[in-house]
Amino acid sequence: MQASFDTDERRTMLTTPQNRQTIKLSIEDMTCASCVRRVEKAIGRVPGVAGAAVNLATERADVTFAGVPDVPAVVAAVRDAGYGVSEEVLEFPVEGMTCASCIGRVEKALKAVPGVLDATANLAQERARVRFLKGAASFDDFAAAVERTGYKAIRETAAAPEEDRRAAEAKRLRRDLIIAAVLTAPLFVMEMGAHAFPAFGHYIHETLGMQESRILQFVLATLVLAGPGLRFFRKGIPGLLRLAPDMNALVVLGTLAAWGFSTVATFAPGLLPGGAANVYFEAAAVIVTLILAGRYLEARAKGRTGEAIRHLAGLNARSARVLRGGKALDVPLESVVAGDIVLVRPGEKVPVDGEVTEGASYVDESMITGEPMPVSRRPGDRVTGGTVNTTGSLTFRATRVGADTVLSQIIRMVEDAQAAKLPIQVLVDRVTQWFVPAIIAAALLTFGLWLALGPSPALAHALVNAVAVLIIACPCAMGLATPTSIITGTGRAAELGVLFRQGTALQTLEATNVVAVDKTGTLTLGRPTLTEIVPADGFSRDDVLALVAAAEGHSEHPIAAAIQAAATAEGLDLAPASGFAAISGEGIVAEVTGRKVEAGSAGFMASKGLDVSVFAARAAALAAEGASPLYAAVDGKLAALFAVTDPVKPTSRQAVAALKALGVEVAMITGDNRRTAEAVAQSLGIGRVIAEVLPEGKVAAVRELAAGGAKKVAFVGDGINDAPALAAADTGVAIGTGTDVAIESADVVLMAGDMRGVATGISLSRATMRNIRQNLFWAFGYNVALVPVAAGLFYPAFGLQLSPALAAGAMALSSVFVVSNALRLKRFQPPFRRDGT
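Note that the coordinates shown come from a computational prediction; the quantities given were computed from them, not determined experimentally.

## A short note on the nonpolar core
For step 1, the next point in the chain: Counting 135 residues, the largest nonpolar core has Phe92, Leu110, Phe142, Val515 and Val758 as the members making the most contacts within it.
For step 2, the next point in the chain: Ranked by residue count, the leading element in this core is helix H29 (residues 756-790), at twelve residues.

## A word on the pattern of salt bridges
Once the charged atoms of two side chains with opposite charge are near each other, the side chains can pair.
For step 1, the next point in the chain: Using the criterion set out here, one finds 24 salt bridges in the structure.
For step 2, the next point in the chain: Close ionic contact of Arg175 with Asp176 constitutes a salt bridge, the shortest N to O distance being 3.1 Å.
For step 3, the next point in the chain: Judged by its relative accessible area of 46%, Arg175 is partly exposed.
For step 4, the next point in the chain: Exposure remark for Asp176: the relative accessible area of 9% places this residue in the buried category.
For step 5, the next point in the chain: Linking Asp330 and Arg321 is a salt bridge whose minimum nitrogen-to-oxygen distance equals 3.4 Å.

## Focus on the packing of aromatic side chains
How two aromatic rings sit relative to each other is given by the distance of their centres and the angle of their planes.
For step 1, the next point in the chain: Following the criterion strictly, the structure yields nine aromatic pairs and no others.
For step 2, the next point in the chain: Measuring from ring centre to ring centre gives 5.4 Å for Phe92 and Phe139, while their planes differ by 90°; the resulting arrangement is edge-to-face. You can see Phe92 sitting in strand S5 (residues 87-95) and its partner Phe139 sitting in helix H4 (residues 139-148), a full 47 residues away along the chain. The residues Phe92 and Phe139 share a single accessibility class, namely buried.
For step 3, the next point in the chain: Arranged with centres 4.5 Å apart and planes meeting at 35°, the rings of Trp778 and Phe817 form a pair that is tilted. Here Trp778 is found in helix H29, whereas its partner Phe817 is found in helix H31 (residues 804-823), with 39 residues between them in sequence.
For step 4, the next point in the chain: Classification of Phe817 as partly exposed rests on a relative accessible area of 37%.
For step 5, the next point in the chain: Site record: aromatic cluster; members linked through ring pairs are Phe92, Phe132, Phe139 and Phe142.

## Section: the UniProt feature "transmembrane region" (unreviewed entry) in the protein
For step 1, the next point in the chain: Under the UniProt annotation, the feature "transmembrane region" (unreviewed entry) is placed at residues 177-195, 215-233, 245-267, 279-297, 434-453, 459-482, 776-798 and 804-823.
For step 2, the next point in the chain: Measuring from the first to the last C-alpha atom of residues 279-297 gives 30 Å, for a span that is 89% helix and 0% strand.
For step 3, the next point in the chain: End C-alpha to end C-alpha, residues 434-453 measures 28 Å, and it is 95% helix and 0% strand.

## Some thoughts on the side chain of Asp747
For step 1, the next point in the chain: Its location among the elements puts Asp747 in the loop between helix H28 (740-745) and strand S30 (748-750).
For step 2, the next point in the chain: Assessed through its relative accessible area of 19%, Asp747 is described here as buried.
For step 3, the next point in the chain: When residues no more than four places from it in sequence are discounted, the contact partners of Asp747 are Leu499, Phe500, Arg501, Gln502, Ala505, Asp730, Thr731 and Gly732.

## Side note on helix H21 (residues 558-569)
For step 1, the next point in the chain: With twelve residues, H21 extends 16 Å between its outermost C-alpha atoms, agreeing within 8% with the 16 Å of an ideal straight helix rising 1.5 Å per residue.
For step 2, the next point in the chain: All buried positions along H21 are accounted for by Ala560, Ala562, Ile563, Ala566 and Ala567. For H21, the buried positions fall inside an angular range of 160° around the axis, keeping them on one side. Along H21, exposed side chains directed more than 90 degrees from the buried face belong to Thr568 and Ala569.
For step 3, the next point in the chain: The inward-facing, buried residues of H21 abut strand S20 (529-535), helix H20 (541-551), strand S24 (628-634) and strand S25 (637-645).

## Let's talk about the side chain of Thr263
For step 1, the next point in the chain: Along the polypeptide, Thr263 turns up in helix H9 (residues 247-267).
For step 2, the next point in the chain: Residue classification places Thr263 among the buried positions, given a relative accessible area of 16%.
For step 3, the next point in the chain: With sequence-adjacent residues up to four places away left out, Thr263 is seen in contact with Phe218, Ala268 and Phe281.

## Remarks on the sheet that holds strand S15 (residues 382-383)
For step 1, the next point in the chain: An order of S10-S9-S11-S17-S12-S15 is seen for the six strands of this open sheet, with the pairing classed as antiparallel. At either margin of the open sheet sits one strand with a lone partner, and together these are strand S10 (327-332) and S15.
For step 2, the next point in the chain: In this sheet, strand S17 (residues 394-400) lies alongside strand S11 (residues 341-344) in antiparallel orientation, the contact comprising four bridges. Directly across from Val344, in S17, lies its bridge partner Leu394.

## Focus: H20
For step 1, the next point in the chain: Of all eleven residues in H20, eight are buried; the element is thus mostly enclosed.
For step 2, the next point in the chain: Every buried residue of H20 is listed here: Val544, Leu545, Ala546, Leu547, Val548, Ala549, Ala550 and Ala551.

## Side note on the packing of H20 against H21
For step 1, the next point in the chain: As a packed pair, H20 and H21 sit with axes 9 Å apart at the nearest point and diverge in direction by 130°. Classified by the interaxial angle, the pair formed by H20 and H21 is oblique. For the pair H20 and H21, the crossing hand works out as left-handed. Listed contacts from H21 to Leu545, Val548 and Ala549 of H20 are Ile563, Gln564, Ala566 and Ala567.

## Observations concerning the pairing of strand S9 (residues 319-324)
For step 1, the next point in the chain: In terms of strand pairing, S9 meets S10 through six bridges, oriented antiparallel. Residue pairing for S10: Ser319 is matched across the bridge by Pro332.
For step 2, the next point in the chain: Taking the residues between adjacent antiparallel strands as the criterion, S9 and S10 are bridged by two residues, where Gly325 takes a positive phi near 65°.
For step 3, the next point in the chain: Two strands pair when backbone bridges link them, and S9 and S11 are joined in this way by three bridges, in the antiparallel orientation. The residue bridging Leu323 from the neighbouring strand is Ile341, located in S11.

## A closer look at the sheet that holds strand S6 (residues 116-122)
For step 1, the next point in the chain: Ordered in space as S6-S7-S5-S8, the four strands form an open sheet in which the pairing is antiparallel. Edge positions in the sheet fall to S6 and strand S8 (152-153), since each has one partner strand and no second.
For step 2, the next point in the chain: In this structure, S6 lies alongside strand S7 (residues 127-133), joined through six bridges in antiparallel fashion. The residue bridging Ala119 from the neighbouring strand is Val130, located in S7.
For step 3, the next point in the chain: Docked against the sheet, helix H2 (residues 71-80) engages S5, S6 and S7, running at close to 125° with respect to S6.
For step 4, the next point in the chain: Of the strands in this sheet, S5, S6, S7 and S8 are in contact with H4, which crosses S5 at around 40°.

## Side note on the packing of helix H8 (residues 230-241) against H9
For step 1, the next point in the chain: Put simply, H8 and H9 touch, their axes get as near as 7 Å, and they point 100° apart. The angle between H8 and H9 places the two elements in the roughly perpendicular class. Every residue of H9 that contacts H8 at Phe232, Phe233, Lys235, Gly236, Ile237 and Leu240 is listed here: Asn248, Ala249, Val251, Val252, Leu253, Thr255 and Leu256.
For step 2, the next point in the chain: The residue inventory of the contact of H8 with H9, partitioned by class, reads nine nonpolar, three polar and one charged.

## What to know about unusual backbone geometry
For step 1, the next point in the chain: Positive phi, close to 55°, is recorded for Asp635, a residue that is not glycine.
For step 2, the next point in the chain: Secondary-structure assignment places Asp635 in the loop between S24 and S25.
For step 3, the next point in the chain: Residue classification places Asp635 among the partly exposed residues on the basis of a relative accessible area of 41%.
For step 4, the next point in the chain: Despite not being glycine, Glu692 has its phi angle at roughly 55°, a positive value.
For step 5, the next point in the chain: Mapped onto the elements, Glu692 comes out in the loop between strand S27 (688-690) and helix H26 (695-706).

## Here's the deal with the pairing of strand S2 (residues 21-26)
For step 1, the next point in the chain: Counting buried positions over the six residues of S2 gives five, a clear majority of the element.
For step 2, the next point in the chain: One ladder, built from six bridges, connects S2 with strand S4 (residues 60-65); its direction is antiparallel. By the bridge assignment for S4, Ser26 is matched with Arg60.

What counts, and where the lines are drawn
- Residues numbered from 1 in each chain as written.
- Predicted model: local features only at pLDDT ≥ 70, side-chain atom pairs only at ≥ 80, totals over all residues.
- Heavy atoms only, no water.
- Core = buried A, V, L, I, M, F, W, Y, C linked by side-chain atoms within 4.5 Å.
- Buried < 20%, exposed > 50% of the residue type's maximum accessible area, 1.4 Å probe, protein only.
- Helix = DSSP H or I, 4+ residues; strand = E, 2+ residues; numbered from the N terminus.
- Salt bridge = Lys/Arg side-chain N within 4 Å of Asp/Glu carboxyl O.
- Phe/Tyr/Trp six-rings, centres within 6.5 Å; stacked < 30°, edge-to-face > 60°.
- UniProt positions renumbered as here; feature names shortened; annotations may be inferred.
- Contact = heavy atoms within 4.5 Å.
- Expected span 1.5 Å × (residues − 1).
- Arc of directions from axis to C-beta.
- Pairing = 2+ DSSP bridges.
- Axes fitted to C-alpha atoms, helices over the stretch in contact; angles between N-to-C directions.
- Parallel < 35°, antiparallel > 145°, perpendicular 65-115°, else oblique.
- Left-handed = near helix turned anticlockwise from the far one by under 90°.
- Nonpolar A, V, L, I, M, F, W, Y, C, P; charged D, E, K, R; others polar.

What follows is the structure, encoded as structure tokens:
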């Protein structure tokens, strides 16, 4: 698709004299004048559209709005009409986001850029992700929008690597923390020591003098606020002026209130009521120091949440040994192209994806599958970039390079999942949008009540409690509660061979009640073997096998491969077939040497008017043994019964047991005949079987298992015919060894082709969501519990008053707790032993 805005029209928004705005976008797939009319009518029905002009030659639409353009609605209307508009996704770091309210402001600013369809910000990653119409906007547009809200967008290509940038920020925080601590220590000792030990206070007053002591405290506190604390003022004051306060604004208000009151008490005490001229310089300095300590610890912990991505990226080889001009040359990885012949020696990393042409070895693929045992690789087998060749030498032909390799796709999937916003986060965002203004209002109310009703000195009590309320509130923890858990959980999942293509699957998979499983290639190896042929009277076994194998030559079904392999192994000559047709889920028809050949299920034979009852007894016996019976007809006559056996995967039984232990019902949905399906199900301990189902019937089966929405169903499959069911299920899980279509239709991908990954995914999903709820409980519960304490609720009855310094310490620790709790997911282990027992 080309959805593009001309370069000279990049801004896309044109103001007309009537205060109308026009958007220009390209439309795809238009072929004639009727297409133009359909697109115009579709756009014209969008509310707010004043007019639309579509040009077939330029494939462009000029859409005029009477008010603010609703770009997503226009795009949806065009696509609903059957035409295309392409999109781009841009992701970039954003500096200055410190709390949940920052996220909302950045997202709102980005969504206001013309052409933007959606935008999300992630506090844990300190990144923003924008989905927009291709060519409608640029990074500069987004950077300008972000800058207007008081934050800074960093151009990825010009920026230092993410790890270096975070390390530099942690270094700056450490430096500022040390300076603040050095300046705050004598200030804290002087003021708090005097309160704790009156004799020490008398000593200070006698040797230094009370006024001189206050002036020294003023100097130290001012240095702390103007030096290490300046970072809060640079962000907080513009936020206050824009009437969009964030966590920095709360710190600014709290520290300025304490510092300003103390400054007046020091240099102009006569302006304050009698008995109220106390100083709180130590509170202002300690607040800054403790919050810097919290942010430093938080930055270090947040850096660990992204270790999985950095580990995956580090698996790439730096170079490759390639045969060129008859010589083996070491070339940079970027120079390898598809088709190159690559050599890999023992102990080296496989640089790119490919197919082995020479040699034999064992390859450690644990980085892809999570399985520790190396696997055998011989000519014809595939190898994956980033895996480690352990024993022999291999020569392979490169098939996928650069961004197309499996490792690159894994990294991209994990990044996409980590950037996702779960449904639970949407609710959190709504709450935090109003949180900071609510805290400021609560602080003002606290100040007013204590000033009017508090004991003498009322002003001092009012100030202390209001500052404590401002500082104790922690939207930082709220903003970190969900993304840190998502980043850590999806990263750990990738290490275990479970890829969440959609981050939202973390939440949907948790609630799974039923796992519906396709049989062939999912529970079984997907490599059927022809085990028996029973010819009908008048037919030769070898003749029928040769005809059916020739007819199956155009089929990609595993059973077709099994029949062809058997014919080849027996040395039969296979004639070319013509007129091939496949009836999905039923059988095939072809013509071989002038003879009509049909092969398929009993139902397929019945549809052709053929009675298979002559084979009923043998077919029943074979099905009871777990074999799949199918039938062949030649020239309209029943010719033979074929028995194909697909061995069950060694790990399938353990996978089913693990799912049951998690309280999940397991059901099998298959197109195979009922007897075979039930035999396999019984051997695995699966109690519910839906057999002889056509591809379109799998969707109905999934809905049946969902019981009208009462149960959440995850469907696991690997074939093209599984794609509709994968999409229809609450969570679609694709076996990574399956087809690209199945994987693209899924929410979760199991890289190892091992059903145990479903149990791992569900268990990890539950652990992650439990972790998120713990974080949210702490973040919200902490504020609900401590804001009233900070406001002085318990002072009248118990004489308890929370000092601003303690409030700052508690606030800093809350964010560190949330991130540290999320990091526990790095220790998650699958709900079964990996040795297969």
